[in-house]
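Fold and contact review
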Amino acid sequence: MDRGEDHPPDANSGSTVDARDAFALLGHEIRLDILFALLEDWMAVYTEPKSYAELMAAVGLEDSGKFNYHLSKLQGVYVEKVDDGYVPTASATALYRTVLATRPTETVEFEQPVTEAACPDCGGQPVLEYERGFVAVACQACDSWDGFTYPFPQNGFEQHEESLLEAVQDRVRHEIGLARTGQCPACAGQIAVDPRIESVDGDDHWIELGCESCTFVVGVEPLSTLLTDDRVGSALREIGIDPTGHGWERPDEEVSVSRDPVRLEIAVATEQGTVTITATERLAVERVAVG
Ligand SMILES: [Zn+2]
Ligand SMILES: [Zn+2]
């Protein structure tokens, strides 16, 4: 089961203070005009800088004192001066992309039956829902089965209407696969892997992957984190499991732990065989066996 959720960053950490300052800089019409003018012809590293005069004209200001004041406020955080003028910083473009992706001023209500699946508990038809930025697949008939919950940008709804569930699953697999290697999919920071070895319980075990810098945190079954590993992927295919398929279509995985050194053993079986994966405490794959 995937449990994607957000948690607030530590209120006392330095990064929170910096983030407050950065947000506070945006609370002015002229600064927003400057930023949007700079983002207009964005071509990544090939973006043509806008000259001081061009930028001032684009914003429609004639008072250079006023323009200067607001430009200087943005400079360093959202605007960078280069040889031929000004360009937006990585923070400006990342913030812009995030707002476009999550569309915070729109409300999408969504509910769709998942025709290709059946609830493992009652056989009913699961439903895909969207709330507060999270996609959830669950059974409403028995209320006892949760397929998964994971954050998904609101922008993706219109763009992937035909194959929404596949789009969500692809995103989950790639993001969790990246997080497992130690890199946060949201901010590229360090991911802390908590294998929760004290609570290993056979076929019902989840681990936590949490970013040390931003709000990214997920709780997942160990095998879900290993699906992007080539050896794991081809071993699963050998026993008839599609690593790109829906998580609930895979048989339950059995998890056991050995100590000194700590190793997780994850086994999954079908009629065609058993795949056994040995992974370190930080979920590095050490050995994959098909038997
Ligand atoms: Zn059910
Ligand atoms: Zn992060």
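Residues numbered from 1 in each chain as written. Chains lettered and ligands numbered in written order. Predicted model: local features only at pLDDT ≥ 70, side-chain atom pairs only at ≥ 80, totals over all residues. Heavy atoms only, no water.

Under an unreviewed UniProt entry, the name given to the protein is ArsR family transcriptional regulator, and the organism recorded is Halovenus carboxidivorans.

Brief notes about the UniProt feature "domain: DUF7351" (unreviewed entry) in the protein
Taking the UniProt record as the reference, the feature "domain: DUF7351" (unreviewed entry) is found at residues 117–285. Here residues 117–285 is 20% helix and 31% strand, with 30 Å between the C-alpha atoms at its ends. (UniProt positions renumbered as here; feature names shortened; annotations may be inferred. Helix = DSSP H or I, 4+ residues; strand = E, 2+ residues; numbered from the N terminus.)

Side note on the nonpolar core
Grouped together as the largest cluster of nonpolar side chains are 50 residues, with contacts concentrated most on L209 and F216. A per-element tally of this core places helix α7 (residues 164–180) first, with seven residues. Setting aside chain neighbours within four positions, we find L209 in contact with I176, A179, R180, I191, A192, V193, F216, V217, V218, V220, T225 and L283. L35, L55, M56 and L71 belong to the second largest nonpolar core, which has 19 residues in total. (Core = buried A, V, L, I, M, F, W, Y, C linked by side-chain atoms within 4.5 Å. Buried < 20%, exposed > 50% of the residue type's maximum accessible area, 1.4 Å probe, protein only. Contact = heavy atoms within 4.5 Å.)

Focus: the coordination of the zinc ion (ligand 2)
The zinc ion (ligand 2) binds to the protein through C184 (SG), C187 (SG), C211 (SG) and C214 (SG), with metal-donor distances spanning 2.3 Å. Expressed as a motif, the donor residue spacing for the zinc ion (ligand 2) is C-x2-C-x23-C-x2-C. With a gap of 27 residues between them, C184 in the loop between α7 and β8 (191–194) and C211 in strand β9 (residues 207–211) connect regions that are remote in the sequence. C211 shares its class with C184; the two are buried. (Donors = N, O, S within 2.8 Å, 3.2 Å for Na, K, Ca; no water.)

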